[in-house]
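Reading the structure
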Amino acid sequence: MMWDEKIECMSLEDMKELQLKRLQDVVKTAFDEVPYYHKRYTEEGIFPEDIQTLEDIEKLPFTTKTDLRASYPFGLFAVPQKEIIEIHTSSGTTGKPTVSGYTKEDLDTWGEIIARGFTMMGIDENDIIQNTHGYGLFTGGFGVHYGGQKIGATVVPISTGQTLRQIELMKDFKSTMLIFTPSYGLHIAEELKEQNIKPSDLNLKAIGFGSESWTEEMRQQIENKFNTPAYNIYGLTEVMGPGVAMECSEQNGLHLNEDHFYPEIIDPNTMKQLPENTSGELVLTTLTRVGMPLIRFRTRDITKIHHETCGCGRTLVKMDKITGRSDDMLKIKGVSVFPSQIEKALLSVDGVEPHYQIILTRPGVLDQIEVKVEASPNLVFDNVKELVGTRDKIAQAIHDEIGLRVNVNLVEPKTIDRVDSGKAVRVIDKRNE
Ligand code: ZN
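Just so it is clear, the structure is predicted and the values come from calculations on it, not from any experiment. (Residues numbered from 1 in each chain as written. Predicted model: local features only at pLDDT ≥ 70, side-chain atom pairs only at ≥ 80, totals over all residues. Heavy atoms only, no water.)

**Re the coordination of the zinc ion**
Six octahedral donors around a metal ideally subtend angles of 90 or 180 degrees, whereas four tetrahedral donors ideally subtend 109.5 degrees. Put simply, the test is: Water is not among the atoms examined, so metal sites may look incomplete; donors are the N, O and S atoms within 2.8 Å of the metal, or within 3.2 Å for Na, K and Ca. Just to be clear on the cut-offs, tetrahedral is four donors with all angles between 85 and 135 degrees, square planar is four donors and octahedral six with opposite donors over 155 degrees apart and all others between 65 and 115, and anything else goes down as irregular. Each helix is a run of DSSP H or I of at least 4 residues and each strand a run of E of at least 2, with the numbering of both proceeding from the N terminus. Burial classes: relative accessible area under 20% of the type maximum marks a residue as buried, over 50% as exposed, and values in between as partly exposed (1.4 Å probe, protein chains only).
Surrounding the zinc ion are the protein donor atoms Cys248 (SG), His255 (NE2), Cys310 (SG) and Cys312 (SG), at 2.1 to 2.3 Å. Bound by four donor atoms, the zinc ion shows angles of 103 to 115° at the metal and therefore tetrahedral coordination geometry. Motif for the zinc ion, donor spacing along one chain: C-x6-H-x54-C-x1-C. Here histidine 255, found in strand 9 (residues 254-256), pairs with cysteine 310, found in the loop between strand 13 (305-306) and strand 14 (318-319); they are 55 residues apart in sequence, far enough to count as distant. The two residues histidine 255 and cysteine 310 agree in class, both being buried.

**So, the sheet that holds strand 18 (residues 352-361)**
Put simply, the test is: We call two strands paired when DSSP finds no fewer than two bridges between them. Axes here mean lines fitted to C-alpha atoms, for a helix over just the part in contact, with angles spanning 0 to 180 degrees between N-to-C directions. The contact definition used throughout considers only heavy atoms, calling two residues in contact when any of these lie within 4.5 Å.
Taken in spatial order, the four strands of this open sheet run 20-19-18-21, and their pairing is mixed. The two strands at the open ends of the sheet, each matched to only one other strand, are strand 20 (407-411) and strand 21 (427-429). Taken over all neighbouring pairs, the strand axes of this sheet differ in orientation by 20° on average, direction set aside. Judged from the three bridges that link them, strand 18 and strand 21 form a sheet pairing that is parallel. Following the sheet pairing, isoleucine 358 is matched in strand 21 by valine 427. The strands touched by helix 10 (residues 339-347) are strand 18, strand 19 (368-375) and strand 21; relative to strand 18, the strand with the most contacts, the crossing angle is about 135°. Contacting strand 18, strand 19 and strand 20, helix 11 (residues 384-402) crosses the sheet at an angle of about 135° to strand 20.

**Regarding the environment of threonine 89**
Considering the arrangement of structural elements, one finds threonine 89 in strand 1 (residues 86-89). The exposure class of threonine 89 is buried, given its relative accessible area of 15%. Considered as a pair, threonine 89 and leucine 137 are 48 residues apart in the sequence and their alpha carbons are 5.5 Å apart.

**So, the sheet that holds strand 11 (residues 280-286)**
Taken in spatial order, the four strands make up an open sheet running 10-11-12-15, and their pairing is antiparallel. This sheet does not close on itself; its edge strands, each paired only once, are strand 10 (261-266) and strand 15 (324-325). Note that strand 10 and strand 11 share six bridges and pair antiparallel. By the bridge assignment, glutamate 264 is partnered in strand 11 with valine 283.

Set out below in structure tokens:
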């Protein structure tokens, strides 16, 4: 069942036509109504009439979180403040928060895109959605709320916390859908176990989760603990909130609502667009946002996109699960490498511990990569043959993953520095020393 079959199953050609029309409109509105864009575009000598094809979007400069902060609080609004009926902000853990303003029409759109996602998950007006996302400046709570009401479901706006109460209501109300962040979901699961409540004692039929990074292993755990399929919800406050992309029954990627958000994947080093099915940074342009249009917003999230007719019947572009942040990406010998790729490769080899460092040097003109990794205590250091064998296996696994030769340095257990708190130092880049 589709929420909006015309859009969700639209041919690529029709979608591109719709996107171009909307892109031209949004660029014109931004240029005419938002001083930030007017100034930027004038400085760069680019004007709304230069957008003749979708490819022309590459002529426009990017917008970043820094630009949003510089326009704090209301500098990016394209309508008078009296037309903005709701405001959300990012958490603002580093500096000023970024502000997101919504008109009545924007809130309708927000509800609409989440309604599409809930329909993908098999939720309709008969369902009871227990929303444990926080209600407040964070977009999670309200986004889910508007979407749930849009499809006519019964929304229980309990917000985060009060776990015992959550469980009591899940039982009493017979909630059929739970919305949570993965970490809070695992907490609820622990409490259920504590109280000897089995998934079969509940009425859940779907879980919607988001707002945190996650692995497929974590999804598995959640699905097992609740004995219910769990679907990913992606979004970000600046662009709208949750619902920018949502997972369908196939559970292998998210459908991005490309009639409202135009996606591009760029190489964060060259800033050039990459073809479909190539991993890079997701850049989004709002095509219908009235209150605060955002053009070429750099999300920093790494993923890839691809068009195909999905098993669920939809043609809306699919986006893979986010694999990292562009801030973590390394450029080595011209190749984009994520530390997580090296980690994945080396952990696939027996005999090593998950303690490692990637050391980059440039002795002459070429980059060199050394991967220092701790051997397992059971790897016998006296056995040279075994040692060399393990080292070669690691080098091969990394080469298979990133396509580059690395020098592997197997070191004795517990010889790589540990940190007491925060993140381990995984990358040491000495190339500019
Ligand atoms: Zn699908």
